[in-house]
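Below are the chains, spelled out letter by letter.
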Amino acid sequence: MDVFVLFSKLVMLTLVPYVLASQGTMLGGRAGVFNVAQEGIMLAGASVGFLGAYLSGGNLVQGALLAMVMGGLFGLALAYFTTTLKMDQFVIGLALFFIGLALSTLLYKLVVGVTLTPPLIPTLQELPLPGLSHIPVLGEVLFKQNILVYLAILLSLALYVFLYHTGPGMALRAVGENPMAADSLGVNVSAMRYLATISGSMLIGLAGAYLPMVYTGTFTEGMVRGRGWLSIALTFFGGWSPHLIFLGSLFFAAVEVLAFRVQVTGVGVPYQFVLMLPYVATILVMLPTFRRLRIPAFLGRNYDRERRALL
Amino acid sequence: MGASFVAAGIFLGALGFDVPRAYATILFTSFRTPNGFVQTLLKFIPLLLLALSFTVPLAAWKFNIGGEGQLLAGAIGSAAVGILLSGLPAFLLLPLGIMTGTLSGAVWAALPAWLLYRFGINEILTTVLMNFISFGLLDYVTTEVWRDPAAGHPTSIPIGAGAHLPLLISSPPLHAGIVVAIGVAIAIYFFISRTTAGYELLATGANPRASLIHGIAVRRISLLALILGGALAGLAGAIEVAGVHHRLIEGMQSNYLLLGILIGLIARGNILAVPFVAFSIAVLEVGARALQRTMMVPLEMVFIIEGLILVFVLLSDVVRRR
């Protein structure tokens, strides 16, 4: 296989957790709920996803569903504390981050215990699409991937159509921009915030489960390695819109693949500096772009319909 | 508090552990033996400093999630002095090492703080990303620059004896870092509650718009608060090197960042409450380690107790508001 084709194929493969986690973040944010627990939710998703598959003898579907349920529970907690109890979103987000991180290791230790060799689950196989996968270059890159790659692409498309071309999507955006106006038009603001936060967190949980199911076949402590935090940055770059988030995740995935390749082959730079690349690149890209980005006007704030004016 | 222990107790019991004995271990290990108490104090030092490094910026409603990176930057900075100038006498080397470490932590936080000041970039993101960069840096210095070939785990060569913190008690060993940490905590408390700058810090956090209108340089206050937070975490790193490890070890940051955030949130940003919460968490941590040794209960169990305490504390705010 040509180097360029292989690189592109790996980028598409590496894209998935970024896309899922960032679209999940975007969904909640569009309703005004700024989730900062991604890293914890992804870790919990990775742990539960792995354990679900491991205990059922390698049933990845069951693992993935469990990871989504786990993510959904975190989303429910976030929505309840912020929307119903009107508590600060960052504080609750950090608390959930802490709990997710602790829970991921605890569950793994309770179920598997300490072993010399890590228990393994089979990793997700490629599912070549009939016909399409025979197209030269494009077929290899786009249509000979695992099912979650297709899902990530379709999800981004669907979210774009939903947000900009349907009534409920417009209502969701209104809730994140001006909940008072949305409320006066009869949109159920609380319900919107709950739904968006829960479904977004389910995607984040699934993003976590992708790591053991595709990369490693097992769960290790802290295996998310900052991807949750990077996906917040990615959501900002993407201006909280699904199509730009998808394009941005191409960049994040490319940097990760590049860092990995350079680490294996070596270029005369100590590998530790290569591993810093994704984080340094993220900070550098934020420099010129951050100010100009569009964010939902009500992001990170809680709506209280009994208050007279929005500060 | 009580409710979280009951909830965690039910969970422990459901898993088939002896609940009363588990709680006796968690709560009393720190007070049963001199060794247990000293272990608790040694945990208390970094926890107190990291909790302050989160709480001080929090007073201005800025979130410093980069304590881990700042601690490691401080550790690397002070170890660099301790290794490169190891021949210097103690009265020069020790303060130089501690000061370099504190400064390194401040510099590590200054970048995100400046990005916030200059470009308005969200500090949560940048402080976290700096953590991951510091992991790479620590790995580099412990495997390439100052590698100790005798150690199996990435570890640096030891610092000069002149850079060691003196011991207050020799057996079980307790170093003088405890005095430094408590002194710094008192200084921070007076800074925030008794000085103009401290007042401006609190005002910025309470209502940035009103503060701005009344002539407080809100953005500069946030910048300085984050840098001060970084200095505190850097000091923690320097103390860990000079007092505990006497070298750099990969993973020496432990889970101090997370626990620091947890302590800051449980104390609800109240500087006066931070030392007491930090001590309680240190007791729980030492107890949990004993529990893992004697009853095979996973260490992470104590996180669940801590997480539940946090949730109940936060909920009590809501109840009070009604």
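Thresholds, definitions, all that
- Residues numbered from 1 in each chain as written.
- Chains lettered and ligands numbered in written order.
- Predicted model: local features only at pLDDT ≥ 70, side-chain atom pairs only at ≥ 80, totals over all residues.
- Heavy atoms only, no water.
- Helix = DSSP H or I, 4+ residues; strand = E, 2+ residues; numbered from the N terminus.
- Buried < 20%, exposed > 50% of the residue type's maximum accessible area, 1.4 Å probe, protein only.
- Contact = heavy atoms within 4.5 Å.
- Lys, Arg positive; Asp, Glu negative; His and termini not counted.
- Charge placed at Lys NZ, Arg CZ, Asp CG, Glu CD.
- Salt bridge = Lys/Arg side-chain N within 4 Å of Asp/Glu carboxyl O.
- Polar contact = N/O pair within 3.5 Å; in protein donor to acceptor, adjacent residues only side chain to side chain.
- Nonpolar A, V, L, I, M, F, W, Y, C, P; charged D, E, K, R; others polar.
- Arc of directions from axis to C-beta.

1. What about the overall build of chain B?
Looking only at helices and strands, chain B has 13 helices and two strands in total. On the principal axes, the C-alpha backbone points of chain B span a range of 60 × 55 × 35 Å. Residues counted as buried form 57% of the 322 residues belonging to chain B. Contacts in chain B between residues far apart in sequence, at least 24 positions, make up 74% of those at least 6 positions apart. Side-chain charges in chain B split into 17 positive and 13 negative, and the spacing between the mean points of these groups amounts to 11 Å.

2. Some words on the interface of chain A and chain B
Between chain A and chain B, the residue contacts involve 45 residues of the former and 48 residues of the latter. Counting across the chain A and chain B interface gives one salt bridge. Where Glu300(B) meets Lys109(A), a salt bridge forms, and the shortest distance between an N and an O atom there is 3.2 Å. Here chain A and chain B share four residue pairs in polar contact (both at pLDDT 80 or more) between them. Taken together, the elements giving at least two residues each to the side of chain A that touches chain B come down to helix H3 (60–84), helix H4 (89–111), helix H10 (227–237), helix H12 (271–275) and helix H13 (277–289) of chain A. Taken together, the residues of the side of chain A that touches chain B sort by class into 34 nonpolar, five polar and six charged.

3. Some thoughts on helix H7 (residues 167–177) of chain A
Residue and element names in this part refer to chain A. Among all positions of H7, only Gly-169, Ala-171, Leu-172, Val-175 and Gly-176 are buried. Down the axis of H7, the sector holding all buried residues measures 160°, keeping them to one side. Its side-chain oxygen at 3.2 Å from the backbone nitrogen of Gly-169, Thr-166 defines the N-terminal cap of H7.

4. A short note on unusual backbone geometry
In this structure, Pro172(B) follows Ser171(B) across a cis peptide bond, with omega equal to -5°. Examined against the element boundaries, Pro172(B) turns out to sit in the loop between strand E1 (167–169) and strand E2 (174–175). Backbone geometry at Arg225(A) places phi at a positive 45°, although glycine is not the residue there. Along the chain, Arg225(A) falls in the loop between helix H9 (189–216) and H10.

5. Some points on the pattern of salt bridges
Residues and elements named next belong to chain A. Scanning the model with the defined rule gives eight salt bridges over all chains in all. With its nearest N and O atoms 2.9 Å apart, the salt bridge here joins Arg-294 to Glu-177. One end of the pair, Arg-294, is in the segment after H13; the other, Glu-177, is in helix H7, and 117 residues separate them in sequence. Here the salt bridges share partners, and the residues they tie into one network are Lys-9, Glu-126, Glu-140 and Lys-144.

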